[in-house]
Structures are given as C-alpha cells and as structure tokens.
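# Fold and contact review
Listed here are the chains, written in short residue letters.
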Amino acid sequence: MISFHQETQRLAIGTRESAVVIFDLKTATRWHSLEGHAGPLAAVSFSPNGKLLATYSVDDAQVKFWQMSTGFLGLFGNSAPQCTRTYTVTRSERSISPMNQLEGVKLIWANNTTISLKRDWEVDKSLTLNA
C-alpha cells in the first residue's frame, strides 16, 4: 500500500502497524508519520493535486483524509498533515485475509474532492469531500 505524487515528490507508505510514513524524495528525508487508524493500512492514495492523502484500514472500516500542509503559503515552516475528515464504511462480515486486503482494496480519485473505495468483496463506495 503505497502512493507516489509526482509533482510534490512525496511517497506515502501504509504500514501493518496502523501508520502512514511519508517521505519527501526532493530532500531524501522522512517527512512525517501519520497515526489514526486502529489496524493495518490496506490502501493509501494522494489526490491528483497532492493536497490530500486518503488512507483506509479494513480493521477499523474507516477512510481518513489528511491535509498535506506545507506551512504558511507554502513558504514558511513545514507543518504536520492533519486528519480533516473520517468516513466510516460498512465493515465486512467475512474474514478478509491480509493478502486480499492488499490486493483487493484500492482508493481511486475521480477529482480533487471525490474518491472511490474499491473492495473486491463488495460494491464500490464513492466519498465526496465538501468544500
């Protein structure tokens, strides 16, 4: 469960320890670590403009949206990303193997405010962020 945003040169990696580690490849450094899920991450995805990161865990059945902040006007400081929205989705009634969680879950952005959660075992769920 990884996502790369070309323009910002950021790489997000979802871990089995419920965190997301974001690397800034421009500076070759670990930029931030995000915590907030109650289980391993199954999917992570940057929005097309790179301003948001969506994360999903099967265990807590939540999609979280993180604002990728870069400080005042992008010039001063490098403030930490903040979780701005959490959606709870239907929890699967059946047991999902770790491999199916990795292969069978995707977050796909339609635009900068709408994303689809695709899980192989059920109908897609579309989530829209209000401005």
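Residues numbered from 1 in each chain as written. Predicted model: local features only at pLDDT ≥ 70, side-chain atom pairs only at ≥ 80, totals over all residues. Heavy atoms only, no water.

Scanning the protein chain from terminus to terminus reveals one helix and 11 strands. Listed N to C, the secondary structure of the protein chain is β-β-β-β-β-β-β-β-α-β-β-β in terms of helices and strands. By residue count, 44% of the 131 residues in the protein chain fall in the buried class. In the protein chain, 40% of the contacts between residues at least 6 apart in sequence involve partners at least 24 apart. As displayed, the protein chain offers around 7,200 Å² of accessible surface, 51% of which is attributable to carbon and sulfur atoms. (Helix = DSSP H or I, 4+ residues; strand = E, 2+ residues; numbered from the N terminus. Buried < 20%, exposed > 50% of the residue type's maximum accessible area, 1.4 Å probe, protein only. Contact = heavy atoms within 4.5 Å. Areas by Shrake-Rupley, 256 points an atom, 1.4 Å probe, with all protein chains shown as cover.)

Next up on the list: the sheet that holds strand S4 (residues 29–35). Strand order in the open sheet formed by four strands is S1-S2-S3-S4, and the pairing between neighbours is antiparallel. Here the strands that pair on one side only, and so sit at the sheet edges, are strand S1 (2–5) and S4. If you compare each strand with its neighbour and ignore which way they point, the axes differ by 15° on average. Looking at chain direction, S1 and strand S2 (residues 10–14) are connected through four bridges and run antiparallel. Bridge pairing links Ser-3 to Ala-12 in S2. (Pairing = 2+ DSSP bridges. Axes fitted to C-alpha atoms, helices over the stretch in contact; angles between N-to-C directions.)

What follows is about the nonpolar core. Counting residues in each nonpolar core, the largest one holds 18 residues, and the members touching the most others are Tyr-56, Val-63, Phe-65, Val-105, Leu-107, Ile-115 and Leu-117. Broken down by secondary-structure element, the contributors of at least two residues to this core are strand S6 (52–57), strand S7 (62–67), strand S9 (105–109) and strand S10 (114–119). Core analysis: the next-biggest nonpolar cluster, separate from the first, contains 11 residues, Val-20, Trp-31, Leu-41 and Met-68 among them. (Core = buried A, V, L, I, M, F, W, Y, C linked by side-chain atoms within 4.5 Å.)

Attention now moves to the side chain of Thr-114. Turning to its location among the elements, Thr-114 is positioned in strand S10. Here Thr-128 takes part through its side chain, which lies 3.4 Å from a polar atom of the side chain of Thr-114. The contact partners of Thr-114, leaving out residues within four places of it in the chain, are Ile-108, Trp-109, Ser-126, Leu-127 and Thr-128. (Polar contact = N/O pair within 3.5 Å; in protein donor to acceptor, adjacent residues only side chain to side chain.)

Bringing the sheet that holds S7 into the picture now. Pairing within the open sheet is antiparallel, and its four strands lie in the order S5-S6-S7-S8. The outermost strands of the open sheet, each flanked by one partner alone, are strand S5 (43–46) and strand S8 (82–88). The average angle at which neighbouring strand axes cross in this sheet is 15°, direction not considered. For S7 and S8, the ladder comprises six bridges, and the chain directions are antiparallel. Note on S8: the bridge partner recorded for Gln-62 is Thr-88.

Attention shifts here to the side chain of Thr-55. Structurally, Thr-55 is set in strand S6. Among the residues examined, Thr-55 registers a relative accessible area of 0% and is labelled buried. One polar contact links Thr-55 to His-37, side chain to side chain, over a distance of 2.7 Å. At 3.0 Å, the side chain of Thr-55 forms a polar contact with the side chain of Trp-66. Residue contacts for Thr-55: discarding those within four places in its chain leaves Val-20, His-37, Leu-41, Ala-43, Val-44, Gln-62, Val-63, Lys-64, Trp-66 and Leu-107.

A separate point is the pairing of S6. Counting buried positions along S6 gives six out of six residues, so the element sits mostly inside the fold. The alternating pattern of S6 places Leu-52, Ala-54 and Tyr-56 on one face and Leu-53, Thr-55 and Ser-57 on the opposite face, and all of these are buried. The sheet contact formed by S5 and S6 spans four bridges and is antiparallel. Bridge pairing links Ser-45 to Ala-54 in S6. In textbook terms, the turn of a hairpin is the stretch between consecutive antiparallel strands, and for S5 and S6 this stretch comprises five residues, one of which, Gly-50, has a positive phi near 80°. Where S6 meets S7, six bridges bridge the pair, whose relative direction is antiparallel. Note on S7: the bridge partner recorded for Thr-55 is Lys-64. Counting the residues between successive antiparallel strands, the hairpin from S6 to S7 contains four residues, one of them, Ala-61, with a positive phi of roughly 50°.

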